[in-house]
Amino acid sequence: MGCGCSKLSACCWTLDQNGSIPEAANVENEGKGEVDGLPAFREYSIDTLKTATSGFSVENIVSEHGEKAPNVVYKGKLENQRWIAVKRFNRSAWPDARQFLEEARAVGQLRNHRLANLLGCCCEGDERLLVAEFMTNDTLAKHLFHCKFMFGSLASAIVFGEAQPMKWAMRLRVALHLAEALEYCTSKGRALYHDLNAYRIVFDDEGNPRLSCFGLMKNSRDGKSYSTNLAFTPPEYLRTGRVTPESVIYSFGTLLLDLLSGKHIPPSHALDLIRDRNIQMLTDSCLEGQFSNDDGTELVRLASRCLQYEPRERPNPKSLVSAIIPLQRDAEVPSHVLMGIRAGADAVPLSPLGESCVRMDLTAIHEVLENLGYKDDEGTATELSFQMWTNQMQETLTSKKKGDVAFRHKDFTAAIECYSQFIDVGTMVSPTVYARRSLSYLMSDMPQEALNDAMQAQIVSPVWHIASYLQAAALFALGKNDEAQTSLREGTELENKKNATS
């Protein structure tokens with residue numbers, strides 16, 4: 001896995017023989033950062049968390065998920081209107097309830113403005129869940145990697161403007177806040193962090209980066225501490241299967257490479273570039289002109305030290321903070337300004353359906369339409385008359401029913417065919433049928449046809465938010481981000497109005 005090449009004795013930067021980084025004068029992080037206004041750690045009932053997450057609905061999933069993902073994170077809202085993130089573990093992850101509670105309570109004692117803090121847990125029967133502060137502005141991975149792809153613009157940027165590559169000053173701020181979070185955890189006896197990566201760093205209402213508390217507990221009692229590609233795993237973990245405080249520093253080094261390059265580069269490849277002094281190949285082209293050679297060199301030097309093959313040669317969190325503070329730029333500029341997002345009360349969060357459209361989570365949209373059924377057709381579908389009893393009408397309704405069955409079972413080719421038969425007859429007009437065929441077209445990689453149907457649904461039902469959201473999804477698929485933003489804003493406004501009157 002290239003671990004042996006991580007020895008940097010031939011590297012071009014000279015470091016202290018003990019591997020430490022000289023500390024800046026008068027830098028002290030202890031004692032600051034305590035969070036006011038957060039409730040004490042508590043246990044939640046499973047019923048409370050089911051209600052908060054709409055029954056653990058797929059549309060509330062905010063983590064990367066799939067068949068291989070053992071645990072899923074949901075967005076939820078408590079009765080007191082506090083937004084929460086709920087991590088639901090695999091049922092076999094923590095068989096010992098007492099051990100789970102002890103671990104959760106220990107993490108729940110931490111309170112710091114550099115963390116997305118743990119608010120509580122649930123341990124009923126075989127259910128094991130963690131409850132944390134919900135951060136509204138997505139993960140570092142979404143901001144750093146995905147904004148360069150067609151569907152990767154983060155939700156708030158889609159609503160309020162074009163997503164743009166993260167600025168150098170903001171990347172340095174991420175590095176500092178993360179180092180400060182690790183320093184705080186270490187000072188409180190929680191130096192181990194499992195699987196530190198760009199998905200573990202989240203952004204709050206003000207655009208400030210925070211470290212998710214979820215990584216302070218393993219995914220299971222006996223589970224792996226690293227779920228990422230082995231190319232990014234600390235070499236000693238590959239040898240022993242154990243995570244140590246020094247392993248966390250190695251992962252911090254991989255994150256510095258992410259920030260520098262804007263890509264997830266395997267450490268062995270990055271170190272080859274560093275040894276060959278080919279730093280330009282390592283640097284994100286979007287950062288051209290934003291930093292000096294000295295700043296870039298210093299960050300590369302720091303990443304190199306974190307990626308040392310021998311764990312004892314890596315710096316500790318306190319040294320990281322001291323090394324990163326002098327590199328900070330535009331410290332007086334608020335994070336939300338650097339990020340190009342609206343902050344606090346000015347930010348209008350997207351609904352789960354809106355967020356699903358942004359990240360092109362067609363499975364989540366399908367579940368919403370399936371659960372909605374034809375409730376929103378009331379008052380819009382053509383009233384049936386005696387024609388209902390004619391053979392033509394019976395055939396039309398049969399086509400619709402067959403389309404519904406195919407749609408439910410995700411046979412989208414058959415759904416398109418059956419819904420088309422229903423629409424072509426023209427006896428009834430249903431916005432839901434257009435919406436369902438629109439999503440079926442999206443699932444079949446036919447975005448223009450999907451857009452046409454979403455527009456037809458809006459013609460039939462002009463204030464139906466679903467039609468606007470589907471237009472947004474189709475426009476994203478067509479690469480028309482400006483138009484998609486407009487449709488997304490329209491869908492958000494219509495949904496908010498509907499909720500306010502219902």
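An unreviewed UniProt entry lists the chain under the name non-specific serine/threonine protein kinase, from Gossypium trilobum. The heading Sequence similarities (unreviewed entry) in the UniProt record of the chain holds the text "Belongs to the protein kinase superfamily. Ser/Thr protein kinase family."

So what's going on with the environment of Asp126? Which residues, and what values?
Position of Asp126 relative to the elements: it lies in the loop between β5 (118-122) and β6 (129-133). Separated by 35 residues in the primary sequence, Asp126 and Arg91 have C-alpha atoms spaced 5.9 Å apart.

Please provide a residue-by-residue account of the confidence of the model for the chain, values included.
Across the chain, pLDDT averages 82, with 80% of residues at or above 70. In the model, residues 381-389 has pLDDT below 50 throughout and makes 13 contacts with residues more than four positions away in sequence or in other chains.

Can you tell me about the sheet that holds β5, naming the residues and giving the values?
Spatially, β1-β5-β6-β3-β2 is the arrangement adopted by the 5 strands of the open sheet, whose pairing is mixed. Two strands bound the open sheet, and with one partner strand each, they are β1 (42-43) and β2 (72-77). As paired strands, β5 and β6 are joined by 4 bridges and run antiparallel to one another. If you follow Leu118 over to β6, its bridge partner there is Ala132. Helix-sheet contacts for helix α2 (residues 97-108) involve β1, β5 and β6, and the interaxial angle to β5 is about 165°.

Give me the pairing of β6: which residues, what numbers.
Most of β6 is tucked away: 5 of the 5 residues are buried. Summarising the sheet, strand β3 (residues 83-88) and β6 pair through 5 bridges and their orientation is antiparallel. Residue pairing across strands places Lys87 opposite Leu130, the latter belonging to β6. Between β5 and the antiparallel strand that follows it, β6, lie 6 residues; Gly125 among them carries a positive phi value of about 60°.

About the criteria used
- Residues numbered from 1 in each chain as written.
- Predicted model: local features only at pLDDT ≥ 70, side-chain atom pairs only at ≥ 80, totals over all residues.
- Heavy atoms only, no water.
- UniProt positions renumbered as here; feature names shortened; annotations may be inferred.
- Helix = DSSP H or I, 4+ residues; strand = E, 2+ residues; numbered from the N terminus.
- pLDDT = per-residue confidence, 0-100.
- Contact = heavy atoms within 4.5 Å.
- Pairing = 2+ DSSP bridges.
- Axes fitted to C-alpha atoms, helices over the stretch in contact; angles between N-to-C directions.
- Buried < 20%, exposed > 50% of the residue type's maximum accessible area, 1.4 Å probe, protein only.

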